[in-house]
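A structural walkthrough
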Amino acid sequence: MGYAIPSEIVFVAKRKVFRVSASTSRAWLEHYSDWTPHTLDYGDKTIVDYYRNNLRVNANKSATYFFGRTQTYAELDTQVRAAAAGLKAFGIRPGDKVAIVLPNCPQHVAAFYAVQLLGATVVEHNPLYTAPELEGLLNDHGARVAISWDKTASTLEKLRSTTPLETIVSVNMVDAMPPLKRLALRLPIPPLAAKREQLTSPAPNTVEWSTLIGAAIGGDGSDLDAPEISQDDIALILYTSGTTGKPKGALLSHGNLIANAIQGKAWVPQMGKQQERFLAALPIFHAYGMTTLCIFSIYLGAELILVPSPQMPLILDIVKKRTPTWLPGVPTLYQKIMDAAEEKDIDLSGIRNAFSGAATLPVEIVERWEALTGGRLVEGFGMTETSPVLTANPMNGKHRPGYVGVPFPDTEVRIANPENLDETQPDGQPGEMFARGPQIFQGYFGNAAATDKTFHNGWFRTGDMALMEPDGYIKLVSRIKEIIITGGFNVYPAEVEKAIAQHPDVVDVAAVGRPRQDGSEDVVGCVTLRDGAVLDPEGLKEFCRERLTRYKVPRTFYHFEDLARDHLGKIRRHQVRKDLLELLEAKA
């Protein structure tokens, strides 16, 4: 496992003192839990290998739980193989892209692994995206087949003529529910009809999921050929953006995703030693949910409790009937669960392990959560490009409030001098966080220039300003990329600003994050208006709803006579945000 040089060791030579930095000595290894090795064996297995191994061992164990209906791994495999055969009949071959545009549901899990069995690549998309948001992505990756929520199918239908998309497979989530719930949702009772309308809608001109997995298209997949797949092959493409707002498809290999799952298992105490239930309140179309839930569950043979959207009544009902043992999430999710549970007098004990990301985790939430559950809650950090977890607080009681912890096993982090990227900052001094490890992505799809820009001499540039303490703990200072994190989702200012700028009354705009007490942010718009125009926040929000997914729509708008700019006239978002916070503080 190697020997870590203590960070306080110094060398004296010719009257000069050289202090070994925490990054050089890997001082963080001293804080690892007893059960976490310093280095791990990642082998050569792919996602498909782990899928088959799990099926062999856990065929009769529960794979998914959805609104009260369980599905064993053997039953899941029946759908996976049939879907793979159907996709193959549609011409999908190794290396091809298949778009998945689904909320959390059993069909989503089956679709993901069906594509993997073919040696093809999944491209995940948010099912709430609008046609303009999806059009550029579909044109970029070129998928000919999309597996979509039936309520999203009409959005995709608009894009057949402007993208390579040919075939849309529509999924009715209601089909995966227990028979009695399906029957109830068909009754002509207004509340039930309204609920059904939220879950499903007609999807003409599509191939229904039930047809895809039926015998007519590809058969049951029992004789499906197994293509050769290696850890270097790309399993997943997830789109991310920087300050430009231009989407970039992060290429995640089988090796990247398996490595992060192996690292995660080594980090969490007793993970997999007993029956595990994973609550999937995070969307699995996001890197965070995909690895920590969808892939992690197959890797460990856990039951995946799928929640299409994190509604508190549904989550509390699950906690009462089927207490999860693993709950990755964001600070706002834990806050809402605790508030709702205390209001309804529901016991949260038994949730053994929870992992928080995407926003700063307040110490008050940690203390309250651990008191109510008797389990652990720690904060970590990651990005789409890192599969996604890069650092985490140890789960041995050494978690440090305000810090994103220490690097995962076999992960190196250094803090680079922004003025000279080859230099490492002294301990405690902020700089740009660089990283390397087995979970670092393979580059951006079809974008060599962006790939070259995001790596420096083999190190991945996170774009985040951070500092490393002498003992190896890492603290985020600010975001170079100015991404706004709201409810666990990344919102890119340029994308929001582009939509707002189309309004005839808006002259200039800056989209910034307004801090919330739970550590995340609200998206808000700071605007200057044409002469004679009056600020109409509700009207601007309605205008944005037609162009942006709901979580990207600004919570409110603020009128400025002018916005802070640099010497070239470019709006300085960081200064605009500072000006806004000063304005709000003065009004408080």
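Figured I'd write up the structure that's included with this text. (Residues numbered from 1 in each chain as written. Predicted model: local features only at pLDDT ≥ 70, side-chain atom pairs only at ≥ 80, totals over all residues. Heavy atoms only, no water.)

With respect to the sheet that holds strand β9 (residues 207-208)
The condition is simple: In this description, strands pair whenever DSSP reports at least two bridges between them. Think of it this way: any DSSP run of H or I at least four residues long counts as a helix, any run of E at least two long counts as a strand, and we number them from the N terminus.
Here 7 strands make up an open sheet; going across it, the order is β9-β8-β7-β5-β6-β10-β11 and the pairing mixed. Of all strands in the sheet, those with a lone pairing partner are β9 and β11 (248-253), marking the two edges.

What about the pattern of salt bridges?
Where we set the bar: We define a salt bridge as a contact between a side-chain nitrogen of Lys or Arg and a carboxyl oxygen of Asp or Glu at a distance within 4 Å. Using a 1.4 Å probe on the protein chains alone, a residue whose accessible area is under 20% of its type maximum counts as buried, one over 50% counts as exposed, and one in between counts as partly exposed.
A complete count under the given rule lists 30 salt bridges for this structure. Across the salt bridge formed by K88 and D225, the nearest N and O atoms sit 3.7 Å from each other. Taken as a pair, K88 in helix α3 (residues 73-89) and D225 in the loop between α9 (209-212) and β10 (234-240) lie far apart in primary sequence, 137 residues in all. Between D518 and R516 there is a salt bridge, with its nearest N and O atoms 3.0 Å apart. Residue classification places D518 among the buried positions, given a relative accessible area of 12%. Through salt bridges with shared partners, one network takes in R514, R516, D518, D522 and R555.

Points about the packing of helix α2 (residues 47-58) against α3
To characterise two packed helices, one gives the angle between the axes of the helices and the distance between these axes. Put simply, the rule reads: A fitted line through C-alpha atoms represents every axis, and for helices the fit uses only the stretch in contact; the resulting angles, taken between N-to-C directions, go from 0 to 180 degrees. Note on angle classes: values under 35 degrees are labelled roughly parallel, values over 145 roughly antiparallel, values of 65 to 115 roughly perpendicular, and the remainder oblique. Any two residues whose heavy atoms approach within 4.5 Å are treated as being in contact. Residues were grouped as follows: Ala, Val, Leu, Ile, Met, Phe, Trp, Tyr, Cys and Pro as nonpolar; Asp, Glu, Lys and Arg as charged; and all remaining residues, including Gly, as polar.
Axis separation between α2 and α3 bottoms out at 9 Å; the angle between their running directions is 140°. Relative to α3, the element α2 is oriented oblique. Contacts between α2 and α3 pair Y51, N54, L55 and N58 from the former with Y73, A74, D77 and V80 from the latter. Taken together, the residues of the contact of α2 with α3 break down into 5 nonpolar, 2 polar and 1 charged.

Thoughts on unusual backbone geometry
A cis geometry characterises the amide bond from S387 onward to P388, with omega recorded as 0°. At N205, a residue that is not glycine, the phi angle is positive and equals roughly 65°. Tracing the backbone through its elements, the reader meets N205 in the loop between α8 (190-199) and β9. By relative accessible area, N205 is classed as exposed at 60%.

Structural notes on the pairing of strand β4 (residues 69-72)
Both strand β3 (residues 62-66) and β4 contribute to a ladder of 4 bridges, which runs antiparallel. Bridging across to β4, T64 finds its partner in Q71. Between β3 and β4, which pair antiparallel and follow one another directly, the connecting turn spans 2 residues, one of which, F67, has a positive phi of 55°.

Brief notes about the packing of aromatic side chains
For any pair of aromatic rings, geometry is given as the distance between the ring centres together with the angle between the planes. Heads up, the rule is: Ring geometry is summarised as follows: Phe, Tyr and Trp rings, the Trp one being its six-membered ring, pair when their centres sit within 6.5 Å, and such pairs are stacked at plane angles under 30 degrees, edge-to-face over 60 and tilted between the two.
Applying the stated rule across the entire model yields 16 aromatic pairs. On the numbers, 5.6 Å between centres and 75° between planes, the contact of F441 with F460 is edge-to-face. With F441 in the loop between β21 (431-436) and α15 (448-454) and F460 in strand β23 (residues 459-468), the pair connects residues that are 19 residues apart, well separated along the chain. Taking relative accessible area as the criterion, F460 reaches 0% and is therefore assigned buried. An aromatic cluster is defined as three or more aromatic residues linked by ring pairs; in this entry it consists of F441, Y444, F455 and F460.

Some thoughts on the environment of A510
Looking at where A510 falls in the secondary structure, it is placed in strand β27 (residues 506-515). Classification of A510 as buried rests on a relative accessible area of 0%. With residues near it in sequence (within four places) discarded, A510 still touches E497, V524, G525, C526, L563, I571 and V576.

As for the environment of T360
Considering the arrangement of structural elements, one finds T360 in the loop between β15 (353-356) and α14 (363-373). Residue classification places T360 among the partly exposed positions, given a relative accessible area of 46%. Residues T360 and P331, spaced 29 residues apart in sequence, show a C-alpha to C-alpha distance of 7.4 Å. Leaving out residues up to four positions away in the same chain, T360 has contacts with P331, E379, D518 and G519.

A few points about helix α12 (residues 312-321)
Within the span of α12, buried status applies to M312, L314, I315, L316, I318 and V319. Residues of α12 that are buried make contact with β12 (277-280), β13 (303-306) and α13 (331-344).

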